[in-house]
Amino acid sequence: MEPIVSDPWAHHGRQRSLAEAARTPGDPFRWDAYDSYGPGPELLGPVSGRRVVDVGCGTGLVVAHLVQEHGADGVGVDSSPTATALARRRFGHLPGLRYVTEDAVRHLAQRPGVYDVCFSRFGAACFTDPYLLLAAAAAALCPGDGW
């Protein structure tokens, strides 16, 4: 009989970390569930020197990739303390990158005009009321010329 998992998000975070252990920020990523087809980071436009936020960052690998390989200034936000602790352990050494344990909507709403790029790859966009998340994301994006 399998033991009962008392914190399913902590368990999920540990399993994702094990699954991604061989991956590094230097590895490319794709937007599909299997990381094998579809567009990659180019979908976000040029991110070099831009402030990007990954809401629901999980293990933090995607935002770490954008910081290391594309020169972004990145923040990973996740409501799971386990996920952000794992992300910090693996990628916290990268300059220009930090991880925050916080609700995505709250984080974005408290930072009007701070970010140039806001994205979610299987994170907060999958688990948060889109009306709340999209409104908070729109407020957190700084006005600019786009790309």
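Our subject is the structure listed above.
How each quantity is defined
- Residues numbered from 1 in each chain as written.
- Predicted model: local features only at pLDDT ≥ 70, side-chain atom pairs only at ≥ 80, totals over all residues.
- Heavy atoms only, no water.
- Helix = DSSP H or I, 4+ residues; strand = E, 2+ residues; numbered from the N terminus.
- Buried < 20%, exposed > 50% of the residue type's maximum accessible area, 1.4 Å probe, protein only.
- Areas by Shrake-Rupley, 256 points an atom, 1.4 Å probe, with all protein chains shown as cover.
- Right-handed = clockwise from strand over helix to strand, strands pointing away.
- Pairing = 2+ DSSP bridges.
- Polar contact = N/O pair within 3.5 Å; in protein donor to acceptor, adjacent residues only side chain to side chain.
- Salt bridge = Lys/Arg side-chain N within 4 Å of Asp/Glu carboxyl O.
- Axes fitted to C-alpha atoms, helices over the stretch in contact; angles between N-to-C directions.
- Contact = heavy atoms within 4.5 Å.

A.B. asks: Would you mind showing me how to read the overall build of the protein here?
C.D. replies: Scanning the protein from terminus to terminus reveals 6 helices and 4 strands. In the protein, the order of α-helices and β-strands from amino to carboxyl end is α-β-α-β-α-β-α-β-α-α. The burial tally for the protein puts 43% of its 147 residues in the buried class. Total accessible area on the protein is roughly 8200 Å²; 58% of this is exposed by carbon and sulfur atoms.

A.B. asks: Would you mind going over the pairing of strand 2 (residues 73-78) with me for this structure?
C.D. replies: For a regular strand, side-chain orientation follows a simple rule: the groups alternate between the two sheet faces. Most of strand 2 sits inside the fold, with 5 of its 6 residues counted as buried. After leaving strand 1 (residues 51-55), the chain enters helix 2 (residues 61-70) and then returns to the sheet as strand 2, a path that is right-handed. Pairing analysis gives 5 bridges linking strand 2 to strand 3 (residues 97-101), with the strands arranged parallel. Opposite G74, over in strand 3, you have L97 as the bridge partner.

A.B. asks: I would appreciate a short explanation of the side chain of S80 in the present structure.
C.D. replies: Residue position: S80 is located in the loop between strand 2 and helix 3 (81-91). Polar side-chain contacts of S80 include one of 3.1 Å to the backbone nitrogen of A83.

A.B. asks: What's the story with the pattern of salt bridges in this structure? I'm lost.
C.D. replies: Between side chains of opposite charge, pairing is possible as soon as their charged atoms come close. The tally for this structure, following the rule as stated, stands at 2 salt bridges. Residues R51 and D116 are paired through a salt bridge, measuring 3.5 Å at the closest nitrogen-oxygen approach. Here D116 lies in the loop between helix 4 (104-109) and strand 4 (117-119) and R51 lies in strand 1, a separation of 65 residues in the sequence. In this structure, R111 and E102 form a salt bridge, with 3.8 Å as the shortest nitrogen-oxygen distance. Judged by relative accessible area, R111 falls into the partly exposed class, the value being 23%.

A.B. asks: Would you explain the sheet that holds strand 3 in this entry?
C.D. replies: The strands that make up a sheet are held in pairs by hydrogen bonds between backbone atoms, and each pair lies either parallel or antiparallel. Taken in spatial order, the 4 strands make up an open sheet running 3-2-1-4, and their pairing is parallel. Sheet topology places strand 3 and strand 4 at the edges, where each strand pairs with a single neighbour. Sheet twist, expressed as the mean angle between neighbouring strand axes with direction ignored, is 15°. Of the strand pairs in this sheet, strand 1 and strand 2 are connected by 5 bridges, and their pairing is parallel. If you follow V53 over to strand 2, its bridge partner there is V75. Taken strand by strand, helix 3 contacts strand 2 and strand 3, and its axis lies near 165° from that of strand 3.

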